[in-house]
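Fold and geometry: a report
In case you want the letters, here they are:
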Amino acid sequence: MLQHGLLLERLLAGDFICQISDEDAFRHLSQEQTQQEINHYLRPLNRRLVSNDDGSVFYLGYHELTKEAREHLSSQFALTVQSLLPLLEWLQLVQETLGRDSALTAGDTIKLQEFVLRTEDNQSLRQRLNALASDRFFNSQSEQLDSQVKLIFRRLKEHGYLLQPHSERQYYIVTGKIDYLLDVIRFIRDEEQLPVDDTPSQEALL
């Protein structure tokens with residue numbers, strides 16, 4: 001199991017591993033034998049390797065929903081729900097600003113300067129971005145559009161939704177965690193009756 005040691009550490013720490021964030025690790029996790037070996041190790045910990053519906057991202061789930069597991073999942077779920085609205089608004093803003101026909105998915109590239117320039121030219125988008133940046137999830141204290149956008153993208157990178165391949169170049173690649181997020185949103189909409197699809201634009205994302 002030593003050959004999977006680093007992978008296990010990352011998964012147990014809550015990492016989401018996709019082809020964008022770590023191509024080698026994702027390839028290993030896509031192999032049935034690796035999955036069996038990791039699940040065998042994780043079984044005494046009541047954890048197991050899972051992926052989203054599209055198989056684009058791997059992360060850990062619980063093997064059995066014990067009381068402790070339910071409590072942990074409930075706390076995680078509460079944190080996810082708190083961040084849903086700002087993340088949905090960001091997804092919607094990117095889609096509208098860049099003229100995309102569909103929601104972002106793993107592997108999509110966003111050029112920061114293009115996003116800034118297009119937002120500057122549209123007063124409505126600027127107002128929405130200003131409101132989004134001041135949300136407590138992003139917590140921007142700046143009134144400058146460029147600073148707000150950079151903070152939003154930096155926070156999304158910190159949370160694992162974006163990857164910045166080169167620190168000196170201002171473009172980002174969407175990771176598989178976005179696909180996981182959209183699956184969570186669909187689950188909440190369908191199972192928990194949370195009104196995340198009150199507007200046509202939000203429903204179009206899903």
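For every chain, the first residue of the written sequence is number 1, and numbering continues from 1 onward in sequence order. Local features are withheld for residues below a pLDDT of 70 in this predicted model, meaning they are given only at 70 or higher, and side-chain atom pairs are given and counted only at 80 or more; totals for whole chains, interfaces and linings count all residues. Only hydrogens and water are set aside when side-chain values are computed; all heavy atoms of the structure are taken into account.

**A few points about the overall build of the chain**
Each helix is a run of H or I in the DSSP string that is no shorter than four residues. Each strand is a run of E no shorter than two, and both are numbered from the N terminus. The helix and strand tally for the chain stands at nine helices and six strands. The principal-axis extents of the C-alpha atoms in the chain amount to approximately 55 × 40 × 30 Å. Relative accessibility decides the category of a residue: with a 1.4 Å probe and only protein chains considered, values under 20% of the type maximum give buried, values over 50% give exposed, and everything between is partly exposed. Looking at the 206 residues of the chain, the share that counts as buried comes to 41%. A separation of at least 24 residues holds for 49% of the contacts in the chain among residues at least 6 apart in sequence. Methods summary: accessible areas were calculated by the Shrake-Rupley approach with a probe of 1.4 Å, and residue burial reflects only the protein chains presented. Per element, the accessible surface of the chain, about 11800 Å² overall, is 45% carbon and sulfur. It only takes one pair of heavy atoms within 4.5 Å for two residues to be counted as in contact.

**What to know about the pairing of strand β6 (residues 171-174)**
Burial along β6 is two-sided: Tyr171 and Ile173 facing one way and Tyr172 and Val174 facing the other are all buried. Summarising the sheet, strand β5 (residues 162-163) and β6 pair through two bridges and their orientation is antiparallel. Within β6, the position partnered with Leu162 by the bridge is Val174. Strands pair, by our definition, only if DSSP identifies at least two bridges between them.

**Quick word on a nonpolar patch on the surface**
To count toward a patch, a residue needs a relative accessible area above 30% and no salt bridge. Like charges then connect within 9 Å, nonpolar side chains (Val, Leu, Ile, Met, Phe, Trp, Tyr) within 5 Å. In the sections that follow, a salt bridge refers to a side-chain nitrogen of Lys or Arg positioned within 4 Å of a carboxyl oxygen of Asp or Glu. A grouping of Leu12, Tyr41 and Leu45 is seen on the molecular surface, where their side chains present a nonpolar patch of about 280 Å² in accessible area. Here Leu45 lies in the loop between α3 (32-42) and β2 (47-51).

**Overview of the packing of helix α5 (residues 112-120) against helix α7 (residues 145-158)**
At a minimum axis distance of 10 Å, the contact between α5 and α7 shows a crossing angle of 135 degrees. For the element pair α5 / α7, the angle class is oblique. Relative to α7, the crossing made by α5 is right-handed. Between α5, through Leu112, Phe115, Val116, Thr119 and Glu120, and α7, the contact on the second element is made entirely by Leu145, Asp146, Val149, Lys150 and Phe153. Just so you know the grouping, Ala, Val, Leu, Ile, Met, Phe, Trp, Tyr, Cys and Pro go in nonpolar, Asp, Glu, Lys and Arg go in charged, and all remaining residues, Gly too, go in polar. Here the residues of the contact of α5 with α7 are counted per class, giving six nonpolar, one polar and three charged. An axis is simply a line fitted to the C-alpha atoms; with a helix, the fit covers only the stretch in contact. Between two such axes, the angle follows the N-to-C directions and lies from 0 to 180 degrees. For classification purposes, angles smaller than 35 degrees are called roughly parallel, those larger than 145 roughly antiparallel, those between 65 and 115 roughly perpendicular, and all remaining angles oblique. Crossings are sorted by hand: turned counterclockwise from the far helix by less than a right angle, the near helix makes the crossing left-handed, and turned clockwise it makes it right-handed.

Honestly, it's all geometry; don't read function into it.
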